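Take a look at the letters that make up each chain.
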Amino acid sequence: MSETPGTSPLLRVLAGQRTTMSPIWLMRQAGRYLPEYRAVREQAGSFLSLCFNPKLAAEVTLQPIRRFGFDAAILFSDILVVPHALGQQVTFVEGEGPRLEALAQPEALSGLRDEIDHGALEPVYETIGLVRRQLPSVVAFLGFCGAPWTLATYMIAGCGTPDQAPARMFAYSYPEAFTRLIDVLVEASASYLVRQLQAGVDAVQIFDTWAGVLPPDEFRRWCVEPCGRIVAKVRGQVPGAKIIGFPRGAGTKLLSYLDGVAVDAVGLDWMVDLGFARDALQTRRPVQGNLDPLALRAGGAALDREVDAILEALAGGPFIFNLGHGILPDTPIAHVERLIARVRRGPASG
Ligand code: CP3
């Protein structure tokens, strides 16, 4: 296959092409497993002040590209800057995770803005400009947002929970108020992604981390339908915008996701069966995934075996190598190097 020099392999996959070597990047590739990240993080003070410091955020976005030569850089930010830009108070507690003023009752929604405050997100757009100028054109630059359902789970509970019971209860108990919240998040997310694309990212990923906790009808209503609207709205303003969807935990509901969300590629978590991924999903759309982050942390023969199985199943079609969820903070750097070398060696070549 001819491969035009200068074009990013990842963008070629998003255009539906198969590449001789699978492009690779890792979710949360900028993060605490890197000593250079920890140093900048300390300098920035709080996590949000790192997200909103264009110089430092650009620096940590580029760190994993310099160290490992990944095929994509992902903007350093967080999905929870959107609730922040809708007027909800968001903080990150060291070692514990995000804390928001919980929207426990429908009345609490009246405290939110109807529209996203782009002024509050100006530093993010500035970060994109800084990274864009420093990134080689063969490296794809990805922006992102959280999907409305996943954002709503944090906005309603005020923190992470194992099964998102507070948001599920809210959606069953107050469907009208929940619909209003999802509608606000659809508009906010679409306009946030448009601004990221205009500022210079090549493609965007929609993270629906908690898609898996919903039963099928609720999944269609709160994940598929809103994400489908975001994709249509973004393309209405940026024709041909490249979009990856990652409905974590969706399992066989990935089929209804592909029916309703016109993404260019779908991200798979580590629980997705590789035969199903190849035969039922990759025949319809390029796929991205799906190494178990714990296999990367474990390293050695287990890592090699899992990587080979994924390449064997998926590298024959349009495919982006990634983890099935974010890299764990205690992952050894040597394991990441071993992973990249193995992926670039290709499937079953001795
Ligand atoms: O490298 C990258 O992938 C880009 C940056 C990025 C972060 N968060 C940085 C981050 C991205 C794409 C995210 C997305 C995100 N944030 C998601 C969706 C993907 C997923 O992982 O499920 C979610 C659910 C969040 C919300 C969030 N942010 C949580 C629950 C936490 C706490 C858990 C943790 O890992 O600490 C965060 C904090 C966070 N976001 C960190 C980083 C590097 C760690 C904070 C720190 O450095 O102190």
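Residues numbered from 1 in each chain as written. Predicted model: local features only at pLDDT ≥ 70, side-chain atom pairs only at ≥ 80, totals over all residues. Heavy atoms only, no water.

1. Observations concerning helix α7 (residues 148–157)
Here is step 1: When you tally the buried positions in α7, you get 10 out of 10 residues, the bulk of the element.
Here is step 2: All buried positions along α7 are accounted for by Pro148, Trp149, Thr150, Leu151, Ala152, Thr153, Tyr154, Met155, Ile156 and Ala157.
Here is step 3: Directly beyond the C-terminal end of α7, a positive phi value near 85 degrees is found at Gly158. (Buried < 20%, exposed > 50% of the residue type's maximum accessible area, 1.4 Å probe, protein only. Helix = DSSP H or I, 4+ residues; strand = E, 2+ residues; numbered from the N terminus.)

2. Side note on the site of the ligand
Here is step 1: Taken together, 22 residues are adjacent to the ligand, and Arg28, Tyr37, Arg41, Asp78 and His325 come closest.
Here is step 2: Contacts to the ligand include Gln29, whose backbone N or O atom sits 3.2 Å from an oxygen atom.
Here is step 3: Tyr37 places a side-chain nitrogen or oxygen 2.5 Å from an oxygen atom of the ligand.
Here is step 4: Out of a free accessible area of 870 Å², the ligand has 88% covered by protein chains.
Here is step 5: Of all elements in the fold, only α2 (35–44) and β3 (97–100) reach the threshold of two or more residues within the shell around the ligand. (Near = heavy atom within 4 Å. Polar contact = N/O pair within 3.5 Å; in protein donor to acceptor, adjacent residues only side chain to side chain. Areas by Shrake-Rupley, 256 points an atom, 1.4 Å probe, with all protein chains shown as cover.)

3. What to know about the nonpolar core
A general tendency of soluble globular proteins is for nonpolar side chains to be buried together.
Here is step 1: Membership of the largest hydrophobic core comes to 131 residues, with the highest contact counts inside it found for Phe178, Leu291 and Phe321.
Here is step 2: In terms of residues, this core owes the most to one element, helix α9 (residues 175–199), which gives 13 residues. (Core = buried A, V, L, I, M, F, W, Y, C linked by side-chain atoms within 4.5 Å.)

4. Regarding the packing of aromatic side chains
Here is step 1: Per the stated rule, a full pass over the model turns up 13 aromatic pairs.
Here is step 2: With a centroid separation of 6.4 Å and an interplanar angle of 10 degrees, the aromatic rings of Tyr33 and Phe68 are classed as stacked. Taken together, the residues span a long stretch of sequence, with Tyr33 in the loop between α1 (9–14) and α2 and Phe68 in helix α4 (residues 54–68) at a distance of 35 residues.
Here is step 3: Using a relative accessible area of 9% as the deciding quantity, one classes Phe68 as buried.
Here is step 4: Centroid distance Phe207 to Phe246: 6.2 Å. Interplanar angle 90 degrees. Geometry classified as edge-to-face. Highlighted residues: Phe207 in strand β5 (residues 203–208) and Phe246 in strand β6 (residues 242–247), separated in sequence by 39 residues. By the burial criterion, Phe207 is buried, and Phe246 matches it.
Here is step 5: One aromatic cluster is present, built from ring pairs that chain together Trp149, Phe170, Tyr174, Phe178 and Trp222.
Here is step 6: The lysine or arginine in question, Arg248, covers the ring of Trp210, its NZ or CZ lying 4.9 Å from the ring centre. (Phe/Tyr/Trp six-rings, centres within 6.5 Å; stacked < 30°, edge-to-face > 60°. Lys NZ or Arg CZ within 6 Å of the ring centre and 35° of its normal.)

5. Some remarks on the pattern of salt bridges
Any two side chains of opposite charge can pair if their charged atoms end up close together.
Here is step 1: Under the definition given, this model contains 20 salt bridges.
Here is step 2: Asp259 is the salt-bridge partner of Arg284, the closest N and O atoms lying 2.8 Å from each other. With Arg284 in the loop between α12 (274–281) and β8 (287–291) and Asp259 in helix α11 (residues 254–260), this residue pair connects regions lying 25 residues apart in the sequence.
Here is step 3: When its relative accessible area of 60% is taken as the criterion, Asp259 is described as exposed.
Here is step 4: Arg342 is the salt-bridge partner of Asp308, the closest N and O atoms lying 2.7 Å from each other. Of this pair, Asp308 sits in helix α14 (residues 300–314) while Arg342 sits in helix α15 (residues 333–345); the two residues are 34 residues apart in sequence, bridging distant segments of the chain. (Salt bridge = Lys/Arg side-chain N within 4 Å of Asp/Glu carboxyl O.)

6. With respect to the packing of α9 against helix α10 (residues 216–237)
Here is step 1: Taken N-terminus to C-terminus, the directions of α9 and α10 make an angle of 35 degrees; their axes are 9 Å apart at the nearest point. With respect to the hand of their crossing, α9 and α10 are arranged in right-handed fashion. In this structure, α9 contributes Pro175, Phe178, Thr179, Ile182, Asp183, Val186, Glu187, Ser189, Ala190, Leu193, Val194 and Leu197 to the contact, and α10 contributes Arg221, Trp222, Pro226, Arg229, Ile230, Lys233, Val234 and Gln237.
Here is step 2: Class assignment of the residues belonging to the contact of α9 with α10 gives a composition of 12 nonpolar, 3 polar and 5 charged. (Axes fitted to C-alpha atoms, helices over the stretch in contact; angles between N-to-C directions. Left-handed = near helix turned anticlockwise from the far one by under 90°. Contact = heavy atoms within 4.5 Å. Nonpolar A, V, L, I, M, F, W, Y, C, P; charged D, E, K, R; others polar.)

7. Topic: the sheet that holds strand β1 (residues 72–74)
Here is step 1: If you walk across this open sheet you meet the 7 strands as β1-β4-β5-β6-β7-β8-β9, and the pairing is parallel. Strand pairing shows two members of the sheet lacking a second neighbour, β1 and β9 (319–323), which therefore form its edges. On average, each strand axis in the sheet is tilted by 25 degrees relative to the strand beside it, whichever way the strands run.
Here is step 2: By the bridge criterion, 5 bridges tie β8 to β9 in an arrangement that is parallel. Across the sheet, Asn290 pairs through a bridge with Asn322, a residue of β9.
Here is step 3: Against the sheet, α9 touches β4 (140–146) and β5, its axis set at about 165 degrees to β4. (Pairing = 2+ DSSP bridges.)

8. Looking at the state of the cysteines
Here is step 1: Applying the stated rule across the entire model yields 0 disulfides.
Here is step 2: Looking at Cys159, it has no disulfide partner, and the nearest cysteine sulfur is the one in Cys51, 19 Å off.
Here is step 3: Here Cys227 stays unpaired: no disulfide links it, and the sulfur of Cys223, its closest cysteine neighbor, is 6.4 Å away. (Disulfide = S-S within 2.5 Å.)

9. So, the packing of α14 against α15
Here is step 1: As a packed pair, α14 and α15 sit with axes 10 Å apart at the nearest point and diverge in direction by 35 degrees. Handedness of the α14/α15 crossing: right-handed. Residues Gly300, Ala301, Leu303, Asp304, Val307, Asp308 and Leu311 of α14 touch α15, and the partners they reach there are His335, Arg338, Leu339, Arg342, Val343 and Arg345.
Here is step 2: Among the residues forming the contact of α14 with α15, the class breakdown is 6 nonpolar, 2 polar and 5 charged.

10. Concerning the pairing of strand β2 (residues 90–93)
Here is step 1: Strand direction decides the pairing type here: β2 and β3, joined by 4 bridges, are antiparallel. Bridging from a neighbouring strand, Phe92 pairs with Pro98 of β3.
Here is step 2: From the end of β2 to the start of β3, which pair antiparallel, there are 3 residues, and Gly95 there has a positive phi angle of about 75 degrees.

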